[in-house]
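# Observations on the three-dimensional arrangement
Listed below, chain by chain, are the residues.
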Amino acid sequence: MIQKTFTRTRIATSLSLILGATALPAISAEEVSANAAAHSDVEVIEVTGMRSSIKESTRLKRDAIGVVDAISAEDIGKFPDTNLAESLQRITGVSIDRSNGEGSRVTVRGFGPQYNMVTLNGRLMASSTLPDGGGASDNRAFDFQNLASDAVKSVEIYKTANAAAASGGIGATINITTAKPLDNPGFIASIGGKAMMDTSVRDGVRDYSDQVTPELSGLLSWTDEDEMFGASFTGSFSQRDSSSTQAVVAQWRNGVYDGTVPDMVPDSSPGAPTQLNNAPGIGENYALPSDLGYRLWDRQRERTNAQLTLQYRPIESITATFDYTYSKLEQEQQGTELSIWMSDYKSDITFTDGLNPSPLVYREDKREQAPRDIAVKQKYRNSITEDAAIGLNLVWEVNDDLTLAFDYNDSSSESSPMSSYGNDVTVGIGSNILAQQGATYGASGFPAIHVGFNDCDPRIGLNCNNVFDVSDVGTSIYQKSHAYNTNDITQIRIDGTWEFEDGQIDFGIESREMDNHSVQSSTNQSMGDWGVNNPGEIPESMLDAIDFNDSLDDYKTTGWTQAFRGDAIALANWAAPIYGLDLARDTALATDRRIQEDVTAAYVKVSYAGYISDLPYNISVGVRYEDTKSTSTANIAAPTAVRWVSNNDFTVDQGAFVDAQLRSESNSYSHFLPNIDFDIDLTENLKARVSFGQTIARPTYGQLSNAVSINGGPGAPTVLNELNGSATQGRASLVPLESTNIDISIEWYFDDTSYVSAGYFRKDVDKFIGNAPIVGDYYGLRDPSAGPRALQAIEDLNAAGINVNETTLFSQVAATQLGETIYADGHTDNYYEKEVDVFANSDDPLMSFLSQSPTNNKSAVIDGMEFAVQHFFGDSGFGFQANYTIVNGDIGFDLASTATQFALLGLSDTANLVLLYEMDNFSARIAYNWRDEFLNNAAIYSNEPEFTEEYSQLDFSIGYQVTEQFSMSFAGINITGEDPRKHGRTANQLTFAEEWHARYELGLRYTF
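What follows covers the overall build of the protein chain. For the protein chain, the helix and strand inventory stands at 9 helices and 46 strands. Its C-alpha atoms give the protein chain a radius of gyration of 31 Å, within 12% of the compact-globule value 30 Å for 1008 residues. Seen through its principal axes, the protein chain has C-alpha atoms that stretch 100 × 55 × 55 Å. The buried share of the protein chain, taken over its 1008 residues, is 60%. Considering only intrachain contacts with a sequence separation of at least 6, the fraction spanning at least 24 residues in the protein chain is 76%. Of the roughly 36,600 Å² that the protein chain leaves accessible, carbon and sulfur atoms contribute 53%.

Have a look at this one:
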């Protein structure tokens, strides 16, 4: 037998000391390469050009122990995509979530963003966010929008377990590697600029965005002649402006058909009764929409990234590296919403066929009621996220056999409003012109809003000119949310590698502390109230007429699209002195939550290389032990009351912060996480792999919260509907998900840039977090819509021959409270909603709230297949990459059941096809990405699911090296303008759709 020596090649050292830095943040692959440069067996690869980049990624995949995929930069400052997530989607088994048409978060093998670990140079990255629409941050997932790609050298995805890696990634561990000065000796300087044209940007009424925006980036790297000192700095700034138009439905409310639907007009009433066409069968589940809205957004984003790296190598065996990484993301959005809220007097409904029927046509007729309001809200959202990380790394090659490393990382992230008004502001305006309202729904595109316009009813006092104008419009409710989120991570590692003749032993210890703090408050303040009581009050100069169809290309609608657009902050400042609005932050907090985790870990891993019947193999056996102590702390003042303020609107009054009580709970758990990786070269170019390992993923921050938060009251009076208020509560005693993983694959490398691979993976997951629905009362809150007053109001309405519905019921209760007969003296429903808020009293029952309490009560199996092929055709310059991933799970969502369900999220097949060409100074790439439909939420509202529909996108890039120093590039993203769409149980039940457009980039770069 031929004797094999375990040589210290670059890849072997990289894998043993870091395996992409997930194994050892203390040492990066580049540092190890530099430190080992004196060894004659080190292979040094200089990556230049697209094909060479692919060659490097292929070599990493081939030589790795375990299943690893990577994307490498062609040159420093030339990553293949402007967004890292958009690059990662090209990798087999990886799919992405997009926000505003841009890659945001990553799903790997069906496991969503919160189940994947993201590291920078092997270190954990602190991450914080402010959710759109207000609320507290909940997610551990890193948002790739925060990080530019200019300074990135490579991104690697490790799909199998590794004892040397920090736990937390069931789907994968994703490591982002940046360049170091001692890896690139001498002086290097590069400066680049891009002009981005986003074709979504509107050119119309009150447009806030510019269609063409700049991106600038630069790099300086220097070492002295002796390569003892090194310093590098990379910086980038980018601005992106964009626009989009959306359609949204907040809720699809399930019911069981008994021959009626809520708020039908009975046969005995004057006028035509409700017409139900193609009605569901008796006992069949059906759904009705709560509302329909269009939203127009203008967005501005500015991103600043910088990294300073200093290196010192006083002797060949010692290297010290200090780095400081900074990023800032500033975002603003100006929006207009046009919406109707379904209520009562349903006149005509045509249902779909098949399971879960819902309306194709939905109509309501106000009949004898005064016209009600159509909402034309003005919105403003903003946030600033700043990330900063300081790292110190020391590597000491004690001798030829032993290497020790120390690594310190202090990372912080903070998200807060840019504006003193808060991070989410809505100025409610509207107009009482709806004599009829409704919508037409379909299995694609936007639903159409239908309006029966009437500005002549004397009870509402409009100008009766049959035109929707500013004099018809008044204010309603001012809403604000002010949120703040911080995340801090301190991490210390000591690692070592001891090499022996045919293998090595890696070992290490780690300590890290994590602190995540979220604070959030939200407030509703009355202006013209829900009844829009003061039409014509807004100065005409503050509002401009718009037509939503002007901002739509793919989703044009034949329904009502007229609205008004104004500046939310200007309107707030105008309304503040008139209505006594407090525009500052509300000190009554809905959320004040802190999650702290202290993790102590140790690992050992043995790697050995040998032969079986002259076939070379590698085996690695490791185990990681982690002990975690966590504390969940909440400091929330109890809400004091639920007010019934209009027909189907309820407001929760939050308690004063001075009355808040601190609650704290602790938890602890530990894990042994073994892993085994084995690969064998069946022939010179044919490699087989088998891996076994155990991994964990921790619960989200919201799931660990130990407080009950009241989100809102029911969506209608509970005396008429079996509805509950909404609450959330976490569970501090939750433990991580535990996954046992098996990977089997075979890879044929028939050239240095060509291979075919096929693999099978299986993940058996225990302690999946399901939701246990809990209906209960909290904080002694009572229900003003279900007590003796509401019951008496029903009797009074029946006695007066008035139909009982949400609107008339509130009016009757309000009239009784005012001591009058309903509709006396010409009083209208709008009048009662203006004059009266109904508070609960001691005779009213306790209000029931539905909360979904998380619990470790589920197990599931996810498995699938991955297929990939990559090839360049000789010296022709042409090549291609293609892959397809199949993902299956054993727990899906049962569409026939209306019970609260646990289901696996994010499972979908994905595919990529990339065509490549590179010859001399010219390169080109066109990339197609496809993702099948998947379940993204099993309870978007109560027990209702949400599915993201099938989506595909086409991108391209072209590059030309004009001179050795000067290059040009041109790229197009989503060049066919594909649009995302989401729905409930059927495609007819739209929940969200948005129109996206192509964006293009023209770039120039000069390297000195």
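Here the narrative resumes, following the displayed structure.
In this section: the pattern of salt bridges. Counted according to the given criterion, the structure contains 50 salt bridges. A salt bridge links Arg624 to Glu626, with the shortest nitrogen-to-oxygen separation between them at 2.8 Å. Comparing Arg624 with Glu626 shows no difference in burial state: the two are buried. Residues Lys687 and Asp679 are paired through a salt bridge, measuring 3.3 Å at the closest nitrogen-oxygen approach. This pair shows no difference in class: Lys687 is buried, exactly as Asp679 is. Bridged by salt links that share partners, the residues Arg493, Asp495, Glu510, Arg512, Arg624, Glu626 and Arg698 form one connected network.

One ladder, built from 11 bridges, connects strand β8 (residues 187–198) with strand β9 (residues 212–223); its direction is antiparallel. Pairing of Met196 across the sheet is with Thr213, part of β9. Bridge count for β8 against strand β46 (residues 999–1007) is 9 bridges, and the pairing is antiparallel. Bridged to Lys194 within β46 is Gly1003.

Take the nonpolar core next. Within the largest apolar cluster, 60 residues are counted, with the highest numbers of intra-cluster contacts made by Leu338, Val427 and Tyr478. Ranked by residues supplied to this core, first place goes to helix α5 (residues 568–579) with 7 residues. Membership of the second largest hydrophobic core comes to 25 residues, among which are Met117, Met514, Ile769 and Leu904.

Turning our eyes to something else, we now look at the packing of helix α7 (residues 788–800) against helix α8 (residues 806–818). With their axes 9 Å apart at the nearest point, α7 and α8 run at an angle of 105 degrees to one another. The pairing of α7 with α8 is recorded here as roughly perpendicular in orientation. Seen from α7, the contacting residues are Arg789, Ala790, Ala793, Ile794, Asp796 and Leu797; seen from α8, they are Thr808, Leu809, Gln812, Val813, Thr816 and Gln817. Class assignment of the residues belonging to the contact of α7 with α8 gives a composition of 6 nonpolar, 4 polar and 2 charged.

Turn by turn, an α-helix covers 3.6 residues, leaving residues three or four places apart pointing in a common direction. For helix α3 (residues 50–63), built from 14 residues, the straight-helix expectation of 20 Å at 1.5 Å per residue is met to within 8% by its first-to-last C-alpha distance of 20 Å. The complete set of buried residues in α3 reads Met50, Ser53, Ile54, Glu56, Ser57, Thr58, Arg59, Leu60 and Lys61.

With respect to topology, 5 strands assemble into an open sheet ordered β1-β6-β7-β4-β5, the strand pairing being mixed. Both edges of this open sheet fall to β1 (68–72) and β5 (123–124), since each of them pairs with a single strand only. Where strand β6 (residues 152–158) meets strand β7 (residues 173–178), 6 bridges bridge the pair, whose relative direction is antiparallel. Looking at the pairing, Tyr158 lines up with Thr173 of β7. In the packing of α3 onto the sheet, the strands contacted are β1 and β6, and the crossing angle to β1 comes to about 160 degrees.

Bringing the environment of Ser128 into the picture now. Structurally, Ser128 can be placed in the loop between β5 and β6. The exposure class assigned to Ser128 is buried, which follows from its relative accessible area of 2%. What Ser128 contacts, discounting residues up to four positions off in sequence, is Thr385, Ser413, Glu414, Ser415 and Asn485. A polar side-chain atom of Ser128 sits 2.7 Å from a polar atom in the side chain of Ser413.

The residue Asn943 is located in the loop between β40 (934–941) and β41 (944–948) in this model. When its relative accessible area of 14% is taken as the criterion, Asn943 is described as buried. Beyond its immediate chain neighbours, meaning those up to four positions away, Asn943 contacts Asn254, Phe893, Thr898, Ala899, Thr900, Ala938 and Arg985.

The tally for this structure, following the rule as stated, stands at 34 aromatic pairs. For the pair Phe111 and Tyr115, a centre-to-centre distance of 5.9 Å together with 85 degrees between the ring planes defines the contact as edge-to-face. Relative to Tyr832, the ring of Tyr831 lies with its centre 5.6 Å away and its plane at 75 degrees, an arrangement referred to as edge-to-face. The buried category is assigned to Tyr832, whose relative accessible area is 0%. Ring-pair connections join several aromatic residues into one group, and the members of that group are Phe111, Tyr115, Phe768 and Phe902. The lysine or arginine in question, Arg931, covers the ring of Phe934, its NZ or CZ lying 3.7 Å from the ring centre. Sitting over the face of the ring of Phe992, Lys982 holds its NZ or CZ atom 5.5 Å from the ring centroid.

Turning our attention to unusual backbone geometry. Phi at Tyr823 takes a positive value of approximately 65 degrees, unusual for a residue other than glycine. For Tyr823, a relative accessible area of 29% translates into the label partly exposed. At Asp920, a residue that is not glycine, the phi angle is positive and equals roughly 55 degrees. Structurally, Asp920 can be placed in the loop between β38 (910–919) and β39 (922–931). Using a relative accessible area of 73% as the deciding quantity, one classes Asp920 as exposed.

So, about the pairing of β46. Looking at chain direction, strand β43 (residues 966–973) and β46 are connected through 8 bridges and run antiparallel. Directly across from Phe966, in β46, lies its bridge partner Tyr1006.

For the structure shown, the criterion picks out 1 disulfide. The side chain of Cys456 participates in a disulfide bridge whose partner is Cys464; the two sulfur atoms lie 2.0 Å from each other. On the sign convention where negative means left-handed, the S-S torsion of about 90 degrees between Cys456 and Cys464 marks this disulfide as right-handed.

Another point: α7. For α7, with 13 residues, the first-to-last C-alpha span of 18 Å sits near the 18 Å given by 1.5 Å per residue. Turning to α7, its buried residues are Ala790, Ala793, Ile794 and Leu797. Considered in projection along α7, the buried side chains sweep an arc of 100 degrees and stay on one side of the axis. Facing away from the buried surface of α7 by more than 90 degrees, the exposed residues are Glu795 and Ala799. Looking at the buried residues of α7, the elements they touch are α8.

Okay, the environment of Ala443 next. If you trace the backbone, Ala443 turns up in the loop between β20 (424–440) and β21 (448–453). Separated by 546 residues in the primary sequence, Ala443 and Gln989 have C-alpha atoms spaced 7.6 Å apart. With residues near it in sequence (within four places) discarded, Ala443 still touches Arg981, Ala987 and Asn988.

So, about the environment of Ala656. When you line up the elements, Ala656 lands in the loop between β29 (649–653) and β30 (661–681). Taking the C-alpha atoms as reference points, Ala656 and Pro639, separated by 17 residues in sequence, lie 8.4 Å from one another.

Further remarks concern the side chain of Thr178. As for its position among the elements, Thr178 is in strand β7. Residue Thr178 is classed as buried on the basis of its relative accessible area, which comes to 5%. Within the structure, the side chain of Thr178 is placed 2.8 Å from the side chain of Asn121, a separation counted as a polar contact. Beyond its immediate chain neighbours, meaning those up to four positions away, Thr178 contacts Leu120, Asn121, Ala151, Lys153 and Gln307.

What follows concerns the confidence of the model for the protein chain. Confidence along the protein chain averages 88 in pLDDT terms, with 93% of residues attaining 70 or more. Considering each helix and strand of the protein chain separately, the mean pLDDT is smallest for helix α1 (residues 10–17), with a value of 35, and largest for strand β44 (residues 981–983), with 97. Per-residue pLDDT stays below 50 along residues 1–47; that stretch engages in 150 contacts with residues further than four places along the chain or on separate chains.

Cut-offs applied
Residues numbered from 1 in each chain as written. Predicted model: local features only at pLDDT ≥ 70, side-chain atom pairs only at ≥ 80, totals over all residues. Heavy atoms only, no water. Helix = DSSP H or I, 4+ residues; strand = E, 2+ residues; numbered from the N terminus. Rg over C-alpha atoms; globule rule 2.2 N^0.38 Å. Buried < 20%, exposed > 50% of the residue type's maximum accessible area, 1.4 Å probe, protein only. Contact = heavy atoms within 4.5 Å. Areas by Shrake-Rupley, 256 points an atom, 1.4 Å probe, with all protein chains shown as cover. Salt bridge = Lys/Arg side-chain N within 4 Å of Asp/Glu carboxyl O. Pairing = 2+ DSSP bridges. Core = buried A, V, L, I, M, F, W, Y, C linked by side-chain atoms within 4.5 Å. Axes fitted to C-alpha atoms, helices over the stretch in contact; angles between N-to-C directions. Parallel < 35°, antiparallel > 145°, perpendicular 65-115°, else oblique. Nonpolar A, V, L, I, M, F, W, Y, C, P; charged D, E, K, R; others polar. Expected span 1.5 Å × (residues − 1). Polar contact = N/O pair within 3.5 Å; in protein donor to acceptor, adjacent residues only side chain to side chain. Phe/Tyr/Trp six-rings, centres within 6.5 Å; stacked < 30°, edge-to-face > 60°. Lys NZ or Arg CZ within 6 Å of the ring centre and 35° of its normal. Disulfide = S-S within 2.5 Å. Arc of directions from axis to C-beta. pLDDT = per-residue confidence, 0-100.

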